[in-house]
Amino acid sequence: MRKKILKNVDWGILICSIILCVIGMIALFSATQETGYSDLKKQMLWFIVSIPVILILIFVDYELIAKISPVFYGIFIILLVAVLFTEPINGATSWFEFKFFSLQPAEFAKIFVILTFAFVICKIQKKGRNEINKPWKLLASLLIVGIPILLIIKQPDYGTAAAYIVAMLMILFTAGIDKKYIIGCVLIIAIAVPLLYQFVLPEHAKSRIKIFLNPDSDPRGAGYNVIQSKLAIGAGQLTGMGILKGNQTQLGFLYPKTTDFIFSVIGEEMGFVVAAGVIIVYVILITKAIYVAKTAKDDLGSYIAMGIAGIFLFHMVENIGMTMGLLPITGVPLPFVSYGGSSLLTNFILIAILLSISGRRQKAIFIE
């Protein structure tokens, strides 16, 4: 059985994630030299911790993981409530601080929100695939994602909340949600966005949107980071200025260069060739995740794989987009590349679940 699983596994998924990790660690090597490479050492440690986790989870049936996921979902809901009472870090109550590391519950919660949401939808659809389109059943399933989203917004962490929404939408689309709900959501969003901006969004969130539209309006204040990021990426040109030689990176103009703006470091010191290569690797990874969803042996596997693809897609587009000034700054990390233990371990767990689904897929599904 194990040999069959290993034979069916799409190892390209793991290879893509490792390539991104390697590029990220090279960038961290350059970005952390003045601090004694502390963040790089921690990232390498989390990478080593992730390896046995991947090897174990590949052989664990994703159906079993999905069945027990509601228990962990409940635990992380409690943690998302508890983290709101911690001391704010950079204006957000998103982390539990321990002696040797910090824990971000919203990152790990992604795993169990996706699994629980997919599991519940499959339960609803046991009586028929169209059951999910019954209003009260759809509403009940949406609460699974809605509750953590509200708690994460409360932190506030709008970027991570948006990642949950994208994953949810991709799962619902795969589950065959009725077009009337899609049209209704579009209309609600069109009406709600101006109202939310005017009466709900806090001033710092409004400021980010204003700066996104015109960063030069406050070049020494709120627009500073995105301006420096764009300068860094532009300075890299085709082949980059060289590792440890980037002006914005090494002279302290780029901040935070190990997390939010790690792609700017890559663009400046490694150039367009490597930066474009990073984007291509992400596209391959996301495409492979969608292919796993298409070839999964059951609906549960398809929904989970699409949810994971949604997480990676949003993080990639948002992080790279904000470093180029194409999207508002939200503090969303670049998967496998940005520094962050919670993020790295979470992403590798998601990869391991993808590998578990691919190892149990039915390739014959494409036979007409």
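What you are looking at is a predicted structure, and each value in this text was computed from that prediction instead of being measured.

Caption draft 1: Expanded view of helix H8 (residues 179-199). The first and last C-alpha atoms of H8 sit 30 Å apart over 21 residues, in line with the 30 Å expected at 1.5 Å per residue. At Ala192, H8 shows its strongest bend, of approximately 30°, with the proline Pro194 following within four residues. Capping the start of H8 is the job of one residue whose side-chain oxygen sits 2.9 Å from the backbone nitrogen of Lys180: Asp178.

Caption draft 2: Spotlight on the nonpolar core. With 107 residues, the main nonpolar core has Ile304, Phe312, Phe336 and Ile351 as its most contacted residues. Apart from the residues lying within four places of it in its own chain, the contact partners of Ile351 are Ile13, Leu14, Ser17, Leu285, Phe312 and Phe336.

Caption draft 3: A look at helix H3 (residues 38-58). Compared with the 30 Å implied by 1.5 Å per residue over 21 residues, the 31 Å span of H3 between its first and last C-alpha is a close match. Among all positions of H3, only Asp39, Leu40, Gln43, Ser50, Ile54, Leu57 and Ile58 are buried.

Caption draft 4: View of the packing of aromatic side chains. With the rule as written, the count across this model stands at seven aromatic pairs. Between the aromatic rings of Phe336 and Phe348, the centroid separation amounts to 5.1 Å while the plane-to-plane angle is 65°, which identifies the pairing as edge-to-face. Taken together, the residues span a long stretch of sequence, with Phe336 in the loop between helix H13 (299-323) and helix H14 (341-359) and Phe348 in helix H14 at a distance of twelve residues. A relative accessible area of 2% places Phe336 in the buried class.

Caption draft 5: Broad picture of the side chain of Thr32. Tracing the sequence through the fold places Thr32 in the loop between helix H2 (11-31) and H3. Ignoring anything within four residues of it in the chain, the contact list for Thr32 reads Tyr37, Asp39, Leu40 and Thr258.

Caption draft 6: Layout of the side chain of Ser358. Checked against the element boundaries, Ser358 lands in helix H14. Residue classification places Ser358 among the buried positions, given a relative accessible area of 0%.

Caption draft 7: Broad picture of the packing of helix H5 (residues 105-124) against H13. Relative to each other, H5 and H13 sit at 145°, their axes nearing to 9 Å. At the point where H5 passes H13, the crossing takes the right-handed sense. Along its contact with H5, which presents Glu107, Lys110, Ile114, Leu115, Ala118, Phe119, Ile121 and Cys122, the element H13 presents Asp299, Leu300, Tyr303, Ile304, Gly307, Ile308, Ile311 and His315. Broken down by class, the residue content of the contact of H5 with H13 amounts to eleven nonpolar, two polar and three charged.

Caption draft 8: Local environment of the state of the cysteines. Applying the stated criterion across every chain, the model contains zero disulfides. Of all cysteine sulfurs, the one in Cys16 lies closest to Cys21, which takes part in no disulfide; the gap is 12 Å. Residue class for Cys21 comes out buried when judged on its relative accessible area of 2%.

Caption draft 9: Molecular detail of the environment of Met25. Among the secondary structure elements, Met25 is positioned in helix H2. A relative accessible area of 17% places Met25 in the buried class. If we skip the residues at most four places from it in the chain, Met25 touches Leu40, Gln43, Met44 and Phe47.

Caption draft 10: Main features of the pattern of salt bridges. Going through the model one piece at a time under the given rule, you end up with eight salt bridges. Between Arg360 and Asp61 there is a salt bridge whose closest N-O contact spans 4.0 Å. In this pair, Arg360 is assigned in the segment after H14 and Asp61 in the loop between H3 and helix H4 (62-82), connecting sequence segments 299 residues apart. Each of Glu131, Lys134 and Lys137 takes part in one network of salt bridges that share partners.

Caption draft 11: Molecular detail of the confidence of the model for the protein chain. Of the residues in the protein chain, 98% have a pLDDT of 70 or more, and the chain-wide mean is 90. Here residues 364-368 is a poorly scored stretch, pLDDT under 50, and it has six contacts once near neighbours within four places are set aside; other chains count.

Caption draft 12: Focus on the packing of H2 against helix H12 (residues 262-295). At a minimum axis separation of 9 Å, H2 and H12 run at an interaxial angle of 160°. What the angle tells us is that H2 and H12 run roughly antiparallel. Read as a crossing pair, H2 and H12 show a hand that is left-handed.

Caption draft 13: Spotlight on a nonpolar patch on the surface. A cluster of nonpolar side chains, contributed by Ile18, Val22, Ile26, Phe29, Ile243 and Leu244, occupies part of the molecular surface with about 420 Å² of accessible area. Within the secondary structure, Val22 sits in helix H2.

Caption draft 14: The arrangement of unusual backbone geometry in detail. Geometrically, the link from Gln155 to Pro156 is a cis peptide bond, its omega value of -5° lying close to zero. By secondary structure assignment, the location of Pro156 is in the loop between helix H6 (135-154) and helix H7 (158-175). In this chain, Tyr255 is followed by Pro256 through a cis amide linkage whose omega measures -10°. Positive phi values are uncommon outside glycine, yet Leu244 reaches one of about 70°. By secondary structure assignment, the location of Leu244 is in the loop between helix H10 (224-236) and helix H11 (247-250). Under the relative-accessibility criterion, Leu244 is labelled partly exposed at 33%.

Basis of the calculations
- Residues numbered from 1 in each chain as written.
- Predicted model: local features only at pLDDT ≥ 70, side-chain atom pairs only at ≥ 80, totals over all residues.
- Heavy atoms only, no water.
- Helix = DSSP H or I, 4+ residues; strand = E, 2+ residues; numbered from the N terminus.
- Expected span 1.5 Å × (residues − 1).
- Bend = angle between axes of the 7 residues up to and from the residue.
- Polar contact = N/O pair within 3.5 Å; in protein donor to acceptor, adjacent residues only side chain to side chain.
- Core = buried A, V, L, I, M, F, W, Y, C linked by side-chain atoms within 4.5 Å.
- Buried < 20%, exposed > 50% of the residue type's maximum accessible area, 1.4 Å probe, protein only.
- Contact = heavy atoms within 4.5 Å.
- Phe/Tyr/Trp six-rings, centres within 6.5 Å; stacked < 30°, edge-to-face > 60°.
- Axes fitted to C-alpha atoms, helices over the stretch in contact; angles between N-to-C directions.
- Left-handed = near helix turned anticlockwise from the far one by under 90°.
- Nonpolar A, V, L, I, M, F, W, Y, C, P; charged D, E, K, R; others polar.
- Disulfide = S-S within 2.5 Å.
- Salt bridge = Lys/Arg side-chain N within 4 Å of Asp/Glu carboxyl O.
- pLDDT = per-residue confidence, 0-100.
- Parallel < 35°, antiparallel > 145°, perpendicular 65-115°, else oblique.
- Patch = residues over 30% accessible without salt bridge, like charges linked within 9 Å, V, L, I, M, F, W, Y side chains within 5 Å.
- Areas by Shrake-Rupley, 256 points an atom, 1.4 Å probe, with all protein chains shown as cover.

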